[in-house]
Every structure is written in C-alpha cells, then in structure tokens.
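Working through the structure, step by step
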Amino acid sequence: MTERVFNFSPGPATLPLPVLQEVQQNLLALPGVGASILEISHRSKTFEQIIAQAEENIRRLLNLPEEYHVLFLQGGASLQFSQVPMSFLRGSGRSADYIVTGSWAKRALAEAQREGDVRVVWDGKGDNYSRVPQPGEVQIDPRAVYVHFTSNETIQGIQFATGPETGDVPLVCDASSDFLSRPIDVKRYGLIYAGAQKNVGPAGVTIVIIRQDLLEQVPDNLPTMLNYRVHAEHRSLYNTPPVFAVYIVMLVTRWLLENIGGLEQMHAINRQKAQMLYDAIDRSEGFYRGHAQADSRSLMNVTWRLPSEELEAEFVKQAKEAGLHELKGHRSVGGIRASIYNAMPIEGVRTLVEFMEHFRQKHA
Ligand SMILES: *Cc1c(COP(=O)(O)O)cnc(C)c1O
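Here the structure is a predicted model, which means the values were calculated and not measured. Throughout this document, residue positions are counted from 1 along each chain, in the order its sequence is written. Given that this is a predicted model, residues contribute local features only at a pLDDT of at least 70 and side-chain atom pairs are listed and counted only at 80 or more, while totals for whole chains, interfaces and linings are drawn from all residues. As a rule here, side-chain values cover all heavy atoms of the structure and leave hydrogens and water aside.

**Some remarks on the overall build of the protein**
The secondary structure content of the protein amounts to ten helices and 14 strands. Put simply, the radius of gyration uses C-alpha atoms, and a globule should come to 2.2 Å times the residue count raised to 0.38. In summary, the protein has a C-alpha radius of gyration of 21 Å against a globular reference of 21 Å for 364 residues, a match within 12%. Along the first, second and third principal axes, the C-alpha set of the protein runs to 65 × 55 × 30 Å. For every residue, the accessible area (1.4 Å probe, protein chains only) is compared with the maximum for its type, and the residue is labelled buried under 20%, exposed over 50%, or partly exposed between those bounds. Within the span of the protein, comprising 364 residues, buried residues form 57% of the whole. Every residue pair with non-hydrogen atoms within 4.5 Å of one another is taken to be in contact. Looking at the protein alone, contacts between residues at least 24 apart form 68% of all its contacts between residues at least 6 apart. Total accessible area computed for the protein in this model is approximately 16,100 Å², and 48% of it derives from carbon and sulfur atoms. Both charge centroids of the protein, one from 36 positive and one from 41 negative side chains, sit 2 Å from each other. A helix here means a DSSP run of H or I that spans at least four residues, while a strand means a run of E at least two residues long, and both kinds are numbered starting from the N terminus. For the area figures, the Shrake-Rupley method with a 1.4 Å probe applies, and any residue is considered shielded solely by the protein chains shown. The positive count covers Lys and Arg only, the negative count covers Asp and Glu only, and His and the chain ends enter neither. Throughout, a charge is located at the NZ atom of Lys, the CZ atom of Arg, the CG atom of Asp or the CD atom of Glu.

This is the structure in structure tokens:
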C-alpha cells in the first residue's frame, strides 16, 4: 500500500482507516450482491438497507427521540444556509436571530438576509472572531422564527461548549465541523445540519435532523427538491441520493458505535487530542500564539500563529516533509490550522506535537 500521511485537512478530511479498508475490499462487489456500491440502484433492497442502517446508527449515536427525522440531502451546508430561511423565515412576517461567530456564520447570515428580516444578536467581529458568546450575552427575541448558530467555526477554530439557550424559539445549528464529535442534548434543537465531509464521510451528502413540528411548518410552494417534508416522506429517496456518500456515512457511524463505543468515548478522545495541541501552544512561551480565546477553543480545528509569516510558511513546509500534511491556516486567519476530527488518530497529534517542539527549539 502507498504510505498514508497524517492528513490535517479541514475538509474533505481524513477518514477512519478501517472504513477505507472495508470500502476498498468491497468496492468491486458488495458481499452477496455481485456488483459495486457504485453500480447498484438506489431502489435496491441492498441500498434501502444501507440508508436505513445509516439513519439507525445516527439515531443510536445521538439517542434521537422519535419526533426527529434524519434526512440525507445534497447541496452541502451551503444550500442549508438558504433552505432554512426559505422554509421558516420567508413570508413569516417575523424575523430570525443569527449569532455571528466567524466565516461560516457570516455566510449563513448573508443567505438568510435574502429571504427576510434578520437580527444579528451577537457578532464576534470586535474580537476578530476569537471567541463565542458567553451564556447571557445573547438576547433572543422570543418572537423570532428561529435562532441560528454555528457550533464550530472551522476556519477560526472556535466552538460552543453548549448551544445558546433559546427557550421556546427553535434552535437551528450548522454543525458541519463537529457533528457526531460529542454527545449533545438533541431536544434543545429544532434543526441540525451538517455537510458530511468534515467528520462523518466524504463530500456529497448533507445530513439534516429536523423536528416534526418544524417539518409541518414547511410551505407547500417551495421547489420540490427544497421541501424537507418531501424528503422526509420519501425517506431521502425522492430522487437519486448520493449513494456512495451515504454508504460511507453508514460505515463511519458504525465505526463510531463499534470501534469507538459511542459519542462519550469519542468526545474523551477528541478532548485528549485537542489538549495535547493546546498544551504545546501554551508551553511555547509565546512562540506559538493560539487564535481562539481559552474558553472558546475548538476540539476540532486548532488555529495558531508563529512570530512571522516566513516562519509559518517554513513550518508548513517542514511539517509536510515530516508527513504532516494540510496544516496551512485559512487565508482569513493566517498561520496554522490543524484539523483533528474524529478520524485523526492520537498518533498523528503526538507526531505533530513532537514536530512543534523541535521546530520551536530550532527557531525560537
Ligand atoms: C465546510 C463548512 C460549511 C460549508 O459546507 P459545504 O458542504 O461546502 O457547503 C458550512 N459550515 C461549516 C461550519 C463548515 O465547516
């Protein structure tokens, strides 16, 4: 096998090795089927079982109550930026509340503004998007159609510990970059969406979890493909779903259940990995400077700067030579970003921490 590097890509991102091995082994012919997952009908018994199993795995992992539907859609989280306000804000005569914590929240906000009245109830611009709001810092309009927030800002590397309190106002969450990374109290949410390619699969499928009462509010006059209710009624098989991507989501969620043991265990591992990196930053005597404020540090995307852009470029180059790939930060934040989603092994983080120590000793 060709050597695999430690891939710190923000997304599409590294996948669990046992999942890739199973895909490879069964790519030419699924056991008992005699054809590839790439070649079979989405109406086949085999695929019906695969998509039902993917849903069942997600339900078990999140302990999902009956009144929540799990949908497998297309168009990425970026289409959800529009589909959410099209479904609940457009024509409502009311407004929606948006919490703006970074690059992705800003994108969500911009699309909502095309659909209706939006109130920005918190904006982290003043702190250069280095923190999420404290509880109590956000004043929700009790008449808002929903409150939207981004649980993990992939680019800035900041994350909510728990979502904002919204009382009876439905809470909508873009969870693209921390979905299934830790347990959540689902009952506090009206709708959760996540593109799969950060933490649960390849690009091409977007998972939406939506509560029954919100589903009932979706207007009939939307394009069929943008109607959550149509997808719920057809169990995500109204048209051809991204068969291969759903298959991988099924395998990754099975890996979470069987190899990891569930979201509590995954969370513990994710905390450990993040702690190793933040400790390396904190003991570097200012050589490495974290972007996120301490109480908002992400367990998924760790972002930091070096004393100069030249050193940052050198860091990325030498890290790559050491088998640590995709560490360049997003241009809007600069510096370094290590994305350490569920599938990044502890060994990868340990190797990165050792590299950071060596690099600092040579260049501090
Ligand atoms: C990557 C990402 C998106 C965009 O996802 P697409 O699938 O490319 O549309 C949106 N929100 C967050 C938090 C992300 O990390």
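There's plenty left to go through after this.
**Looking at helix α7 (residues 243-260)**
In this analysis, the expected span of each helix is defined as 1.5 Å times one less than the number of residues it contains. The first and last C-alpha atoms of α7 sit 25 Å apart over 18 residues, in line with the 26 Å expected at 1.5 Å per residue. Just beyond α7, the residue with positive phi is G261, at close to 105°.

**Here we look at the pattern of salt bridges**
Salt bridges are identified by distance alone: a Lys or Arg side-chain nitrogen within 4 Å of an Asp or Glu carboxyl oxygen. Going through the model one piece at a time under the given rule, you end up with 19 salt bridges. Between E55 and R235 there is a salt bridge; the shortest N-O distance is 3.0 Å. Placement of E55 in helix α2 (residues 45-62) and of R235 in the loop between α6 (228-233) and α7 is noted, with a sequence separation of 180 residues between them. Using a relative accessible area of 11% as the deciding quantity, one classes E55 as buried. Residue class for R235 comes out exposed when judged on its relative accessible area of 55%. For E312, the salt bridge is made with R305, and the minimal N-O distance between the two is 2.7 Å. Judged by its relative accessible area of 25%, R305 is partly exposed.

**Regarding the sheet that holds strand β11 (residues 289-290)**
Hydrogen bonds between backbone groups are what pair the strands of a sheet, and the pairing can be parallel or antiparallel. Note on pairing: two strands pair once DSSP finds at least 2 bridges between them. Taken in spatial order, the three strands of this open sheet run β11-β12-β14, and their pairing is antiparallel. Single-partner strands in this sheet number two, and they are β11 and β14 (336-339). Across two bridges, β11 lies against strand β12 (residues 301-305) in antiparallel orientation. Counterpart to G290 in the pairing with β12 is W304. To get an axis, a line is fitted to the C-alpha atoms, and for a helix only the part in contact is used. The angle between two axes follows their N-to-C directions and goes from 0 to 180 degrees. Running at roughly 10° to β12, helix α8 (residues 263-282) makes contact with β11, β12 and β14 of the sheet.

**Let's talk about the side chain of N301**
Residue position: N301 is located in strand β12. Not counting residues within four places of it along the chain, the set of residues in contact with N301 comprises N152, E153, T154, G157, S177, Y278, R337, A338, S339 and Y341.

**Focus: the domain arrangement of the protein**
An automatic or database domain assignment supplies the start and end points of every domain. Under the domain assignment used here, the protein contains domain 1 (18-260) and domain 2 (262-362). In this description, buried area is defined as the sum, over both parts, of the accessible area (probe of 1.4 Å) that is lost when the two are combined. Of the roughly 2,200 Å² buried between domain 1 and domain 2 on both sides combined, carbon and sulfur atoms contribute 54%. It is I155, Q159 and I260 that lose the most area in domain 1 upon contact with domain 2, and together they represent 23% of the buried surface on that side. Where domain 1 touches domain 2, the interface holds zero salt bridges.

**Considering the packing of helix α1 (residues 17-26) against α7**
Taken N-terminus to C-terminus, the directions of α1 and α7 make an angle of 135°; their axes are 9 Å apart at the nearest point. Comparing their axes, α7 and α1 come out oblique. For the element pair α1 and α7, the recorded crossing hand is right-handed. Residues P18, V19, E22, V23 and N26 of α1 form the contact with α7, whose own contacting residues are F244, Y247, I248, L251, V252, R254, W255 and N259. Orientation labels follow simple angle bins: below 35 degrees gives roughly parallel, above 145 gives roughly antiparallel, 65 to 115 gives roughly perpendicular, and whatever is left gives oblique. Helix crossings are classified by the rotation of the near helix relative to the far one: an anticlockwise turn of less than a right angle makes the crossing left-handed, while a clockwise turn makes it right-handed.

**Some thoughts on the packing of aromatic side chains**
Aromatic pairing here means that ring centres of Phe, Tyr or Trp (its six-membered ring) are within 6.5 Å. Orientation follows from the plane angle: under 30 degrees is stacked, over 60 is edge-to-face, and everything else is tilted. A full pass over the atoms with the stated rule returns 16 aromatic pairs. Between F88 and Y146, the ring centres sit 6.5 Å apart and the planes meet at 75°, which makes this aromatic pair edge-to-face. Of this pair, F88 sits in helix α3 (residues 76-88) while Y146 is found in the loop between β4 (117-123) and β5 (147-150), placing the two residues 58 residues apart along the sequence. Taking relative accessible area as the criterion, Y146 reaches 1% and is therefore assigned buried.

**Some thoughts on the environment of G334**
Within the secondary structure, G334 is located in the loop between β13 (324-325) and β14. Of the residues examined, G334 reaches a relative accessible area of 19% and is grouped as buried. Separated by 30 residues in sequence, G334 and W304 have C-alpha atoms that sit 8.3 Å apart. Dropping the residues within four chain positions of it, G334 is found in contact with R305 and G329.

**Quick look at the sheet that holds β4**
The strand order across the open sheet formed by seven strands is β2-β10-β9-β8-β5-β3-β4, and the pairing between neighbours is mixed. Each edge of the open sheet is held by one strand with a lone partner, namely β2 (68-73) and β4. Looking at each pair of strands side by side, their axes are set apart by 20° on average, direction ignored. Note: strand β8 (residues 171-174) against strand β9 (residues 191-195), three bridges, orientation parallel. Of the residues in β9, the one forming a bridge with C173 is I192. Seen against the sheet, α3 touches β2, β3 (95-100), β8, β9 and β10 (206-211) and runs at an angle of roughly 155° to β9.

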